[in-house]
Amino acid sequence: LERGYRLLGATLVREGSREDASLCRLLSDSLHNAPDAYQAFIELAEAKIEQHEITTAARVLEKLSEMFPKNSRVLIARAEVEIFNGYPLRAIEMLNLGLSRTPVKFVRDKIKGYRVLGHAYKNLGDWESARNSFQQAELIEGSLP
């Protein structure tokens, strides 16, 4: 996969698609020492969100969504991108649907999801729902051993 993205990137450069080529190189580089594609790409997307490189994060998350359509960590990162892009309502819709489907074994993802949901509500000015979401995250976190 690493080699494939590198070759695709080189081909895209020749075709003049520098932006797509750059993404392919980035994906290839992220795979170099990673245990698998999921781990490489989700860490890359989350790092890009932290660095406020939202366009790149969104493109990586698009790939991840194709590969893992119901993954809660991917969903949460996509919701963060929506908030950064000024669409907190989209983030809320995504998270309200996705968090209810998050398996128990991914409890840490659920905690983060409720925190992101709280931020989305805050961006809308819905302080009560924001507080409820943050409290839900604390409640779940407090129940951990």
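Above this note sits the structure.
Below, the structure is looked at part by part. These numbers come from a predicted model, not from an experiment.

A few words on a nonpolar patch on the surface. Side chains of Leu 1, Met 67 and Phe 68 sit close together on the surface and give an oily, nonpolar patch of about 270 Å² of accessible area. Relative to the helices and strands, Met 67 is located in helix α4 (residues 54-67).

Its location among the elements puts Lys 48 in helix α3 (residues 37-50). You can call Lys 48 buried: its relative accessible area is 12%. Among residues more than four places away in sequence, those in contact with Lys 48 are Leu 26, Glu 53, Ile 54, Thr 56 and Ala 57.

So, about helix α1 (residues 2-15). Across its 14 residues, α1 extends 20 Å between first and last C-alpha, which sits within 8% of the 20 Å expected from 1.5 Å per residue. Turning to α1, its buried residues number three or more, namely Tyr 5, Gly 9 and Leu 12. The arc that holds the buried residues of α1, viewed along the axis, is 65°, so those residues lie on one side. For α1, the exposed residues lying more than 90 degrees away from the buried face are Arg 3 and Arg 14.

For the rest of this paragraph, the subject is the pattern of salt bridges. A full pass over the atoms with the stated rule returns 9 salt bridges. For Arg 131, the salt bridge is made with Glu 128, and the minimal N-O distance between the two is 3.6 Å. You can see Arg 131 and its partner Glu 128 sitting in helix α8 (residues 127-142), 3 residues apart, about one turn around the helix. Salt bridges sharing common partners tie together Glu 19, Asp 20 and Arg 59.

Scoring rules and cut-offs
- Within each chain, residues carry numbers counting from 1 in the order of the written sequence.
- Totals for whole chains, interfaces and linings use every residue, but because this is a predicted model, local features are given only for residues with pLDDT of at least 70 and side-chain atom pairs only at 80 or more, for both listing and counting.
- Based on all heavy atoms of the structure, the side-chain values leave hydrogens and waters out of the count.
- A residue counts toward a patch only above 30% relative accessible area and without a salt bridge, and it is joined to like-charged neighbours within 9 Å or, for Val, Leu, Ile, Met, Phe, Trp and Tyr, to nonpolar neighbours within 5 Å.
- Using a 1.4 Å probe, the Shrake-Rupley method yields the accessible areas, and only the shown protein chains count as cover for residues.
- By salt bridge we mean one thing: a side-chain nitrogen of Lys or Arg within 4 Å of a carboxyl oxygen of Asp or Glu.
- Numbering of helices and strands starts at the N terminus; helices are DSSP runs of H or I of at least 4 residues and strands are runs of E of at least 2.
- For every residue, the accessible area obtained with a 1.4 Å probe (protein chains only) is divided by the maximum for its type, and the residue is called buried under 20%, exposed over 50%, and partly exposed between those limits.
- The contact criterion used throughout is that any non-hydrogen atoms of two residues lie within 4.5 Å.
- For a helix, the expected span equals 1.5 Å multiplied by the number of residues minus one.
- Arc, as used here, means the arc of the directions from the helix axis to the C-beta atoms.

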